[in-house]
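Coordinates in review
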Amino acid sequence: MADSPTLSVTLLGAGQEVGRSCCVLQYRGKTIVCDTGVHPAYSGMASLPFVDELDWSTVDAILITHFHLDHAAALTYIMEKTNFRDGKGKVYMTHPTKAVHKFMMQDFVRMSSSSSDALFTPLEMSMSLSSIIAISAHQLITPCPGVSFTPYHAGHVLGACMFLIDIAGLKILYTGDYSREEDRHLVKAEVPPVRPDVLIVESTYGVQSLEGRDEKELRFTSLVHSIIRRGGHVLLPTFALGRAQELLLILDEYWKKHPDLHSVPIYYASNLARKCMAVYQTYIHTMNSNIRSRFAKRDNPFVFKHISNLPQPRGWERKIAEGPPCVVLASPGFLQTGPSRELLELWAPDSRNGLIITGYSIEGTLARDIMTEPDEIIGLKGNTIPRKLSVDYLSFSAHVDYSQNSEFIELVKAQHVVLVHGEQTAMGRLKAAMTAKFKDRDEDVKIHTPRNLETLELSFRGERVAKAIGTLANKTPQENDIISGLLVSKDYSYTLLDPRDLKDFAGLSTCTVTQRQRIVLGVGWDLVRWHLEGMYGSVEEGLDKDGVKTIRVMGAVDVKHTGEHELTLEWDSTASNDMIADSILALITGVDKSPASVKLTSSQHSHTHHPHSDHHEGDQSITRIQRIVWFLEAHFGDVELHMPEVGGEQEQGENSEPALIVRMDDSGEADAHINLVTLVVSCPSDSVRKRVEAVLDMAITTVGSLTESFTTGVSLASEDADPKPEKSISPDGHADTETVEDTVTVDEAEIAL
């Protein structure tokens, strides 16, 4: 991508939909991908994000927010089936996420391997896991120059995080799924301490408001208890990890308080949940204070008293269905296949049984369809099954509702808000509500709702800030102070420092490079000097320390007569000196073709100084004054030269120094006086004074030579006989000190005239 101040946000998934989250960020040649999930309502290749729309070898980092399949299950496919390995990209997720992701993917491979549309093999899954880098919350990570990110707690599930990403100074906060409500085992999502430029936030529930946690838990336990009392079975379709652990904590505590329920078993029908329970017990320190305090008292909340894992031999579903009342947490949460679907088909015809949907259900899944309470459902074998069991919905999904989401968006204070992970209708309502809220406050916050594959381009005014360090930082600058130093740029950060501090702070050394250009000459030395004077004004002629005839032009470039038919140009390389040397080279190589040269050399005589040069010091001032007078007369008419009297007593004031008097009228009240020493204009009329000053500036610029307008270096006559120390870079990269006699020759060429 071209290096530009435009951020491109492209959604390969979760654009006006829930599922297959995959967000591509591109800025200043860097590419970051946030989340790589699959769509639960589809299978095989159809469930993937639009992976063909990105050259994965250009990706610098993939950041996974949490272990849910709709955020992480496509990671193995991208790492092993695309050209991601051809680049230098890295994959990051938190330690708990990586630990659970391993078991989630093993289960995902096992379930998909039985069908013909498996996305990858167990071997490919193992290979991808080994390349994932585990990180901790609040840890600053720099995956490549110019890019850094910090994970912050996001609530939602164990290990979930939001990423504050910094790309070349542009800050983007990507939330993933997050919750601002502390539940029984997780902390609530944090608000990062740094204000981002862009917020990419979920919009799952749109403008819907959910009931509080206490009311929700009371309604849930009462509903479960009422189904048990009527002799029914309770089916809680949940994903093996995440909300399942929250529900288990609630049920275990409720059973403990109600002895009459001790004979009613609670099962979680998932080998995956059983395996991952050890992960939950390992990462107790990442959970909230309630869990940590209980664990400190040797009361492990995840060692349940009234809940057991359900063995799953062949035909276990029918044995459970024909047995006494019980509560079963079974996966998957969307009722597509697996234990939860099989139990639903067995229990649906009995009105004593109850189904409780406890999380967000994606459109196109049976969990979403059954919430409309249809009279019949279609079984996995295509048969029609009457639905008589009760259906209830309570949200334990740990997504933010409207009040939590809007509050978070306001706290973050981003200039641009990008809504993702929400259905089109819910997302549109949230955008309208937030737009109206910001409009009422007269705040300029732009809200975007891009579709999949629709690239959103956000432009930012690049404000570069340089930090002054070292010697420059010793004194606090005042307003209007000019600070001069070296500007060092590294990874899009800028540092201003004194050249003497360069080695200490930047590990660099300064050097002076002297360039030499040798020219084969077919004309005389005097003719060369004549042309140089005509172009640059006065030049300084003399001998260098070796006795070689030398002309110094504009105090920067030496033209040396090193042979009978040879000139050598020598100068210290800088941007300005290089331009002067280039112009001198062009002038000298064209001397023999110049008509003036032909005229001057048509008869034998010695060349005098060029009439446009400033060589004669005695005549220089008079000539300049005469030219300025001509310029002023062309604009104002008569101009008088006032010279102080010689020998008499001099009056103090403006008559004591030579001046030009510009007559504006006969009265003399508006005359302008130009001091020829200071070139200061004085006049009773401000408008006349400003006009004369403007014309005088043009006159000085016009009559001056190049040498007068630009001078660098030192005079030939005042050069110290001792060679000045010079620095050059030796082949091993260290700074060596050498004398002028051993300067670095950058370019040496012969040009025949």
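Residues numbered from 1 in each chain as written. Predicted model: local features only at pLDDT ≥ 70, side-chain atom pairs only at ≥ 80, totals over all residues. Heavy atoms only, no water.

A few points about the overall build of the protein
We count it as follows: In this text, helices come from DSSP runs of H or I with a minimum length of four residues, and strands from runs of E with a minimum of two, each type numbered from the N-terminal end. Burial classes follow relative accessibility: with a 1.4 Å probe on protein chains only, a residue under 20% of its type's maximum area counts as buried, one over 50% as exposed, and anything between as partly exposed. The contact criterion used is simple: two residues touch if any of their non-hydrogen atoms lie within 4.5 Å. Reported accessibility uses the Shrake-Rupley method at a 1.4 Å probe radius. Residues are deemed covered only where the shown protein chains occlude them.
Helix and strand content of the protein: 20 helices and 36 strands. Out of the 753 residues in the protein, the part that is buried amounts to 48%. Contacts in the protein between residues at least 24 apart in sequence constitute 68% of all its contacts with a sequence separation of at least 6. Looking at the protein as shown, the accessible area adds up to about 36900 Å², and 50% of this sits on carbon and sulfur atoms.

Some words on the packing of aromatic side chains
Our working definition: Side-chain rings of Phe, Tyr and Trp (the six-membered ring for Trp) are treated as a pair once their centres are within 6.5 Å; stacked means planes under 30 degrees apart, edge-to-face means over 60, and tilted covers the remaining angles.
Taken as a whole and judged by the stated rule, the model has six aromatic pairs. Between phenylalanine 149 and phenylalanine 163, the ring centres sit 5.6 Å apart and the planes meet at 80 degrees, which makes this aromatic pair edge-to-face. Residue phenylalanine 149 is located in strand β8 (residues 147-153), and its partner phenylalanine 163 is located in strand β9 (residues 161-167); the two are separated by 14 residues in the primary sequence. The exposure classification of phenylalanine 149 matches that of phenylalanine 163, with both residues buried. Here the aromatic rings of phenylalanine 220 and phenylalanine 396 are separated by 5.3 Å at their centres, their planes lie at 70 degrees, and the arrangement is edge-to-face. Highlighted residues: phenylalanine 220 in helix α5 (residues 213-229) and phenylalanine 396 in the loop between β19 (390-393) and α12 (402-412), separated in sequence by 176 residues. Across the pair, exposure class does not vary: phenylalanine 220 and phenylalanine 396 are buried alike. Three or more aromatic residues joined by ring pairs form one cluster here, namely Tyr92, Phe149 and Phe163.

Observations regarding the pattern of salt bridges
This is how it is decided: Only one rule defines a salt bridge in this text: a Lys or Arg side-chain nitrogen within 4 Å of an Asp or Glu carboxyl oxygen.
Scanning the entire structure with this criterion turns up 30 salt bridges. Between lysine 81 and glutamate 124 there is a salt bridge whose closest N-O contact spans 3.8 Å. Highlighted residues: lysine 81 in helix α2 (residues 75-81) and glutamate 124 in helix α4 (residues 122-130), separated in sequence by 43 residues. According to the relative accessible area criterion, glutamate 124 is buried, its value standing at 17%. The partner of arginine 663 in a salt bridge is glutamate 640, and the shortest N-O contact between them spans 3.1 Å. Linking arginine 663 in the loop between β32 (659-662) and β33 (672-675) with glutamate 640 in strand β31 (residues 639-642), this pair joins segments that are 23 residues apart in sequence. Among the charged side chains, a network of salt bridges with common partners joins Arg184, Arg213, Glu217, Glu253 and Lys257.

Comments concerning the pairing of β32
It is a general feature of regular strands that their side chains alternate between the two faces of the sheet. Where we set the bar: For two strands to be treated as a pair, DSSP must find at least two bridges joining them.
A two-sided burial pattern is seen for β32, the buried positions comprising Ala659 and Ile661 on one face and Leu660 and Val662 on the other. In this sheet, β32 lies alongside β31 in antiparallel orientation, the contact comprising four bridges. Bridge pairing links valine 639 to valine 662 in β32. The pairing of β32 with β33 spans four bridges and is classified as antiparallel. Considered in β33, the bridge of alanine 659 is made with asparagine 675.

Brief notes about the sheet that holds strand β25 (residues 493-497)
By definition, the strands of a sheet pair up through backbone hydrogen bonds, in either a parallel or an antiparallel sense. Rule in force here: Where helices are involved, their axes are fitted lines through C-alpha atoms of the stretch in contact, as for all axes, and angles between N-to-C directions lie from 0 to 180°.
Read from one edge of the open sheet, three strands run β23-β25-β24, paired in mixed fashion. Taken across any chain shown, the strands that pair with only one partner, and hence form the sheet edges, are β23 (466-468) and β24 (486-490). Recorded for the sheet is a direction-independent mean angle of 30 degrees between the axes of neighbouring strands. Pairing of β24 with β25, which is carried by five bridges, proceeds in the antiparallel orientation.

Description of the nonpolar core
Under the convention used in this document: To define a nonpolar core, start from buried Ala, Val, Leu, Ile, Met, Phe, Trp, Tyr and Cys residues and group those joined through side-chain atoms within 4.5 Å.
With 65 residues, the main nonpolar core has Phe220, Val327 and Leu329 as its most contacted residues. The greatest single-element share of this core, amounting to eight residues, is contributed by helix α6 (residues 243-257). Counting 31 residues, the second-largest nonpolar core is a separate cluster that includes Val147, Cys161, Ala168 and Val420.

So, the pairing of strand β2 (residues 22-27)
Of all six residues in β2, six are buried, a share of seventy percent or more. In β2, alternate side chains face the same way, and those of Cys22, Val24 and Gln26 on one face and Cys23, Leu25 and Tyr27 on the other are all buried. As paired elements, β2 and strand β3 (residues 30-34) share five bridges and run antiparallel to each other. Within the sheet, the bridge partner assigned to cysteine 23 lies in β3 and is cysteine 34. Counted between consecutive antiparallel strands, the loop separating β2 from β3 contains two residues, among which arginine 28 sits at a positive phi close to 50 degrees.

Thoughts on unusual backbone geometry
Look at the link from serine 331 to proline 332: it is a cis peptide, with omega at 0 degrees. With respect to the element layout, proline 332 can be found in the loop between β15 (327-330) and α10 (338-347). With phi around 75 degrees, asparagine 480 is a residue other than glycine that occupies positive phi space. With respect to the helices and strands, the residue asparagine 480 is situated in the loop between β23 and β24.

Notes on the confidence of the model for the protein
For clarity, the threshold we go by: The quantity known as pLDDT measures the predictor's confidence residue by residue, on a range of 0 to 100.
On average, residues of the protein score 83 in pLDDT, and 86% of them are at 70 or above. Model confidence for the protein, summarised as mean pLDDT per element, is weakest for strand β36 (residues 735-739) at 35 and strongest for strand β4 (residues 61-63) at 98. Residue range residues 650-654 is modelled with pLDDT below 50. Its contacts to residues more than four positions away, or to other chains, number five contacts.

Topic: the packing of helix α15 (residues 525-536) against helix α16 (residues 575-589)
This is how it is decided: Roughly parallel means an angle under 35 degrees; roughly antiparallel means over 145; roughly perpendicular covers 65 to 115; every other angle is labelled oblique. The hand of a helix crossing depends on one turn: near helix anticlockwise from the far one by less than a right angle means left-handed, and clockwise means right-handed.
Where α15 meets α16, the closest approach of the two axes is 10 Å, and the angle between their N-to-C directions is 130 degrees. As judged from the angle between their axes, α15 and α16 are oblique. For the pair α15 and α16, the crossing hand works out as right-handed. Every residue of α16 that contacts α15 at Val528, His531, Leu532, Met535 and Tyr536 is listed here: Ile580, Ser583, Ile584, Leu587 and Ile588.

Details of the sheet that holds strand β27 (residues 540-543)
Spatial strand order, β26-β30-β29-β28-β27: five strands in an open sheet with antiparallel pairing. Each having just a single partner strand, β26 (514-520) and β27 make up the two edges of the open sheet. Along the sheet, successive strands turn relative to each other by an average axial angle of 25 degrees, direction set aside. Pairing of β27 with strand β28 (residues 549-553), which is carried by four bridges, proceeds in the antiparallel orientation. Its bridge partner being in β28, glutamate 540 is matched across the sheet by arginine 552. Its contacts with the sheet place α16 against β26, β28, β29 (557-563) and β30 (566-572), and it is angled at close to 165 degrees to β30.

Focus on the environment of aspartate 117
Of note, aspartate 117 is situated in the loop between α3 (95-113) and α4. Residues aspartate 117 and alanine 46 lie 71 residues apart in sequence; the distance between their C-alpha atoms is 9.5 Å. Leave out the neighbours within four places in its chain, and aspartate 117 touches Ser43 and Gly44.

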